[in-house]
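Here are the chains, one letter per residue:
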Amino acid sequence: MPQAFPMTLADFAGVLHVYDAKFYLGDVRALDSTAGGDQVPSTGRARLWRGSFSLVAAYHADAQEIDAALDLLTQPGASFLVAPTERDGPSSDPDGAILSASVPTISAISSDNREIALSGLPSGYQLRRGDMLSFQYGANPVRYAFHRVWSPRVASGAGAMSNIELTSPVRAGAASGVAVKLVRPELKAVITQGGAERGTIGNLIRTGVSLSWEQTLR
């Protein structure tokens, strides 16, 4: 069967072996400022996650597989899933052992879309500032929401956690009742225009292969 999109984390990692990465929320503030020095807010631009991957040096046979993957991922409509590389889960549960088989669920979204509430957590489970989470919403296409936690919270004895402020607002279309990924949260991305660097061919190995990516909501 043809390769399905978005390409899964496992499929991506099976060919493109990352040794160095950048992962950050894009800044959409306008470059212009007022006479008082205030930043002029940008309009019409979504604030998206961005980043880049540098790949390990590869022998020529392996580099040909990398070329094939980049050919595939730079065609129109291609996409892949991206996850932070520094750890799998929240800082208080980096390997997800505490969360185990629990399935956190969004129980509420605030009217200003800045806070969410979760249910289905282990009693006393902690989210710290900087932890990340993701969830899916919408259909045709399914969209991948990705957020960083601002306000630290501890789950109640019933496994509930309320007023979790996020560093970026929840987008329209998201709703309560959906499962949330705290371990290996992921987003959907595309390689940016001109963002696939094929590297330098040496006698035995290819070095300097990298790619730049941006979150997509399509």
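Everything quoted here is computed from the prediction, not taken from an experiment. (Residues numbered from 1 in each chain as written. Predicted model: local features only at pLDDT ≥ 70, side-chain atom pairs only at ≥ 80, totals over all residues. Heavy atoms only, no water.)

A. Up close: the side chain of His-147. The residue His-147 is located in strand E9 (residues 143-148) in this model. Here the side chain of His-147 touches Ser-168 through a polar contact of 3.2 Å, landing on its backbone oxygen. Leaving out residues up to four positions away in the same chain, His-147 has contacts with Trp-49, Asp-131, Met-132, Leu-133, Phe-135, Leu-166, Ser-168, Pro-169 and Val-170. (Helix = DSSP H or I, 4+ residues; strand = E, 2+ residues; numbered from the N terminus. Polar contact = N/O pair within 3.5 Å; in protein donor to acceptor, adjacent residues only side chain to side chain. Contact = heavy atoms within 4.5 Å.)

B. Seen up close, the nonpolar core. Phe-80, Leu-211 and Trp-213 are the most contacted members of the largest nonpolar core, which totals 24 residues. Secondary-structure elements contributing two or more residues to this core are strand E1 (18-25), strand E2 (49-55), helix H2 (60-73), strand E4 (80-82), strand E12 (187-197) and strand E15 (210-215). Per-element accounting of this core gives the leading share, five residues, to H2. Other than its neighbours up to four places away in sequence, Phe-80 contacts Pro-6, Met-7, Phe-12, Phe-53, Leu-73, Leu-187, Lys-188, Ala-189, Val-190, Ile-191, Leu-211 and Trp-213. (Core = buried A, V, L, I, M, F, W, Y, C linked by side-chain atoms within 4.5 Å. Buried < 20%, exposed > 50% of the residue type's maximum accessible area, 1.4 Å probe, protein only.)

C. Layout of the packing of aromatic side chains. Tallied over the full model, the rule gives eight aromatic pairs. Judged by centre distance (5.6 Å) and plane angle (55°), the ring pair of Phe-12 and Phe-53 falls under tilted. Separated by 41 residues along the polypeptide, Phe-12 in helix H1 (residues 9-15) and Phe-53 in strand E2 bring together distant segments of the chain. Both residues of the pair, Phe-12 and Phe-53, belong to the buried class. Relative to Phe-80, the ring of Phe-12 lies with its centre 5.1 Å away and its plane at 15°, an arrangement referred to as stacked. In this pair, Phe-12 sits in helix H1 while Phe-80 sits in strand E4, placing the two residues 68 residues apart along the sequence. Classification of Phe-12 as buried rests on a relative accessible area of 6%. The rings of Phe-12, Phe-23, Trp-49, Phe-53, Phe-80, Phe-146 and Trp-213 are connected pair by pair, giving a single aromatic cluster. (Phe/Tyr/Trp six-rings, centres within 6.5 Å; stacked < 30°, edge-to-face > 60°.)

D. The sheet that holds strand E3 (residues 58-59), seen in detail. The three strands are arranged E3-E14-E13 in an open sheet whose pairing can be described as antiparallel. Both outer strands of the open sheet, E3 and strand E13 (200-201), are each paired with one neighbouring strand and no more. Here E3 pairs with strand E14 (residues 205-207) via two bridges, running antiparallel. In the strand pairing of E14, Tyr-59 is matched with Ile-205. (Pairing = 2+ DSSP bridges.)

E. Main features of the layout of surface pockets. A volume near 230 Å³ is recorded for the largest pocket. Lining the largest pocket we find Ala-46, Leu-48, Gly-77, Ala-78, Ser-79, Lys-188, Val-190, Glu-214, Gln-215, Thr-216, Leu-217 and Arg-218. Those elements giving two or more residues to the lining of the largest pocket turn out to be E12 and E15. Classifying every residue of the lining of the largest pocket by side-chain character gives five nonpolar, four polar and three charged. In this model, the second largest pocket occupies a volume close to 190 Å³. (1 Å grid on protein atoms, 1.4 Å probe; cavity = no way out; pocket = protein on both sides within 12 Å on 5 of 7 lines; lining within 4 Å. Points joined across faces, edges and corners; volume = space filled by probe spheres on them. Nonpolar A, V, L, I, M, F, W, Y, C, P; charged D, E, K, R; others polar.)

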